[in-house]
Amino acid sequence: MDCFNYPIDVKTLRRKKASIRRTLLEQPNLIEKKIAVLGGSTTNEVVDQLELFLLSYGIKADFYQSEYGKYWEDAMFGSPELDGFEPDIIFIHTNWRNIIDFPQMNMDKTQVDDMLEAEYQRFEGMWQRLSEIFNCPIIQNNFERPNYRLMGNRDVWDYRGRANFVSRLNQKFYEYADGHTGFYINDIDYLAADFGISQWNDAKYWNMYKCINMDAIPYIAQSVAFIIKSIYGRNKKVLALDLDNTLWGGIVGDDGVEGIKIGPEVPQGQVYAEFQQYCKNLKDIGAVLAVDSKNEEVNALAGLNHPDGVLRPDDFVDIKANWEPKDRNLEQMASELTLGVDSFVFADDNPAEREIVSAQLPGVAVPAMDGAENYIKVLDHSGYFEVTNLSAEDMKKTDMYHAKAEASKAKAAFADYSDYLKSLDMKATITGFEPIIVQRVAQLTNKSNQFNLTTLRCSEDDIRTMEESDDYICMAGRLVDKFADNGIVTVVAGKIVGDSLDISLWLMSCRVLKRGMEDLMMNQLVAEARAKGINKIVGHYYPTPKNAMVQNFFDDYGFSLADTDDAGNKKWELNVGDYSEKVSYIENEILN
């Protein structure tokens, strides 16, 4: 819906929220989550708007709300309602007015430091207790600046200034976030500055409703939704870019490389260079870049090699510069990268092209790229690539997808598939859920959709709990081939119940499909089961719109179908003694 795009259509979201909610609830296969909102101000409108944004990302939320201003009491002393709610996410919605003490002019620096530490400890104690009780992600607002500066400009640097005190308290929040997984900051300090601090802090809203400016609430809700959808793997993955008047000014086929506007030496060229730099920076945090342009390929490559440009052809996992409809190019890219089209953002200055892609491929995000000076703001404020975890694998995504493309080309040169697999010189390492890979394992559970048998989504704490339990067999597989180190690509976990192993988690990154990694993992899983005296392995398949490719996965390994319920969920069973080991062309090392 257009009302969710940047800039947010605040009036529509507020006035038509009931009808928008009804429409969004009609989407198939929504994932359901329980979110506790602990508020230092009134939260009804925050919850109403947050529900809409989450629904727009395919997440159906059930909410608990604390009483007005009772966020700390609910956290520290509990309540039967909150305890029984068992939240999946906790969002603490506080603002600068919830700071209990501010410095006074007659205080010395030691007194202010003590006051700051006491205020911080009040929050840290709350976070730790919530984490111990609920073991779920916590989202905490930082603090925006107050609506006045008692000392004017001095307020920001004098130790007695409120602005200075808020800034120092925020920094302590950030240090806690840096040291604690599953804890996230919702940056309302930035949101308030972007919205306008005076408008944000309009006193009539606080005096009448005990909240900030009502028109700012959708921006808070959207920001929290960005974090939540990122946690649950609902980020976009690929930014597909037009070229002419998107990455540079002018039309390279008409104006020639020397005539396009890019870089500081030509009028309007700087804005395009800055946008290219922004896109390159997105690549560095795990976004994958591609080109979808109506152009001759030779002209496209010449433009991308312009000496004043920032992006180069190697920065893109795919360059489709041709005269095919752009929606068809996007579909082909998705197929080649084994991604859904809903993983794509399409950035194009031409509204007609945007309209065609939106109509033909509804899952693709198509922001309004009107005016080159707004390109960065539009993409940045849309939160497509929100970062909640940043792993080494994220920062080399383009290399991995390049390797996938190279492997696909190599495959075409072999008549026999087994010869192709042998040619890849594949090496695997299978370990448990070691501490160094916990973040990546949790990330995979929240991102993998096509090769995911049970669709179980796990936090890092969930992964640690399984690894530390004697009741689980946990395996993670890393694959290296002659083209690339693909990193951790597959995860398996099963719970031991008597003489049976119940597989609760089995997933694999689609970029290494049909390489034999699944065979290797099954061989090892059965071997470990035998070693532990397990006689039967139970597998499950829970169907979704995206994981049909693995509906018969267990059948391929000799499992028998034991049950199918009305929802299409299948239960499979294998007698361990009957298993025949699969041939694999991967050299493997098992590290226990």
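Residues numbered from 1 in each chain as written. Predicted model: local features only at pLDDT ≥ 70, side-chain atom pairs only at ≥ 80, totals over all residues. Heavy atoms only, no water.

**A look at a negative patch on the surface**
So, point 1. Taken together, the side chains of Glu-67, Glu-81, Asp-83 and Glu-86 make up a negatively charged region of the molecular surface.
So, point 2. Within the secondary structure, Asp-83 is located in helix α5 (residues 80–85).
So, point 3. On the accessibility criterion, Asp-83 (39% relative accessible area) is partly exposed. (Patch = residues over 30% accessible without salt bridge, like charges linked within 9 Å, V, L, I, M, F, W, Y side chains within 5 Å. Areas by Shrake-Rupley, 256 points an atom, 1.4 Å probe, with all protein chains shown as cover. Salt bridge = Lys/Arg side-chain N within 4 Å of Asp/Glu carboxyl O. Lys, Arg positive; Asp, Glu negative; His and termini not counted. Charge placed at Lys NZ, Arg CZ, Asp CG, Glu CD. Helix = DSSP H or I, 4+ residues; strand = E, 2+ residues; numbered from the N terminus. Buried < 20%, exposed > 50% of the residue type's maximum accessible area, 1.4 Å probe, protein only.)

**Digging into the UniProt feature "domain: BF1531-like N-terminal" (unreviewed entry) in the protein chain**
So, point 1. Per the UniProt entry, the sites bearing "domain: BF1531-like N-terminal" (unreviewed entry) are residues 34–228 in this numbering.
So, point 2. A helix fraction of 52% and a strand fraction of 13% characterise residues 34–228, whose end C-alpha atoms lie 11 Å from each other. (UniProt positions renumbered as here; feature names shortened; annotations may be inferred.)

**Let's talk about the pairing of strand β11 (residues 472–480)**
So, point 1. In this structure, strand β10 (residues 427–431) lies alongside β11, joined through 5 bridges in antiparallel fashion. By the bridge assignment for β11, Ala-428 is matched with Leu-479.
So, point 2. Pairing analysis gives 8 bridges linking β11 to strand β12 (residues 485–497), with the strands arranged antiparallel. When the sheet's bridge partners are listed, Tyr-472 is paired in β12 with Lys-495.
So, point 3. Between the antiparallel neighbours β11 and β12 lie 4 residues. (Pairing = 2+ DSSP bridges.)

**Here we look at the sheet that holds strand β4 (residues 138–141)**
So, point 1. Spatial ordering of the open sheet is given by β2-β1-β3-β4-β5, a layout of 5 strands whose pairing is parallel. With one partner strand each, in any of the chains shown, β2 (59–65) and β5 (183–186) form the two edges of the open sheet. Neighbouring strand axes in the sheet, compared pairwise and without regard to direction, differ in orientation by 25° on average.
So, point 2. Bridge count for β4 against β5 is 4 bridges, and the pairing is parallel. Within β5, the residue paired with Asn-141 across the bridge is Asn-186.
So, point 3. On the sheet, helix α7 (residues 162–179) packs against β4 and β5 and is oriented at approximately 145° with respect to β5. (Axes fitted to C-alpha atoms, helices over the stretch in contact; angles between N-to-C directions. Contact = heavy atoms within 4.5 Å.)

**What to know about the layout of surface pockets**
So, point 1. The volume enclosed by the second largest pocket comes to roughly 1000 Å³.
So, point 2. Lining the second largest pocket are 37 residues, and of these Ile-185, Asp-187, Ser-223, Glu-386 and Val-387 lie nearest its centre.
So, point 3. Of all elements in the fold, only α7, β5, α8 (188–195), α11 (217–231), α13 (269–284) and α17 (375–381) reach the threshold of two or more residues within the lining of the second largest pocket.
So, point 4. Here the lining of the second largest pocket is composed, by residue class, of 21 nonpolar, 11 polar and 5 charged.
So, point 5. Both domain 1 (10–232) and domain 2 (238–382) contribute no fewer than three residues apiece to the lining of the second largest pocket. (1 Å grid on protein atoms, 1.4 Å probe; cavity = no way out; pocket = protein on both sides within 12 Å on 5 of 7 lines; lining within 4 Å. Points joined across faces, edges and corners; volume = space filled by probe spheres on them. Nonpolar A, V, L, I, M, F, W, Y, C, P; charged D, E, K, R; others polar. Domains from an automatic or database assignment.)

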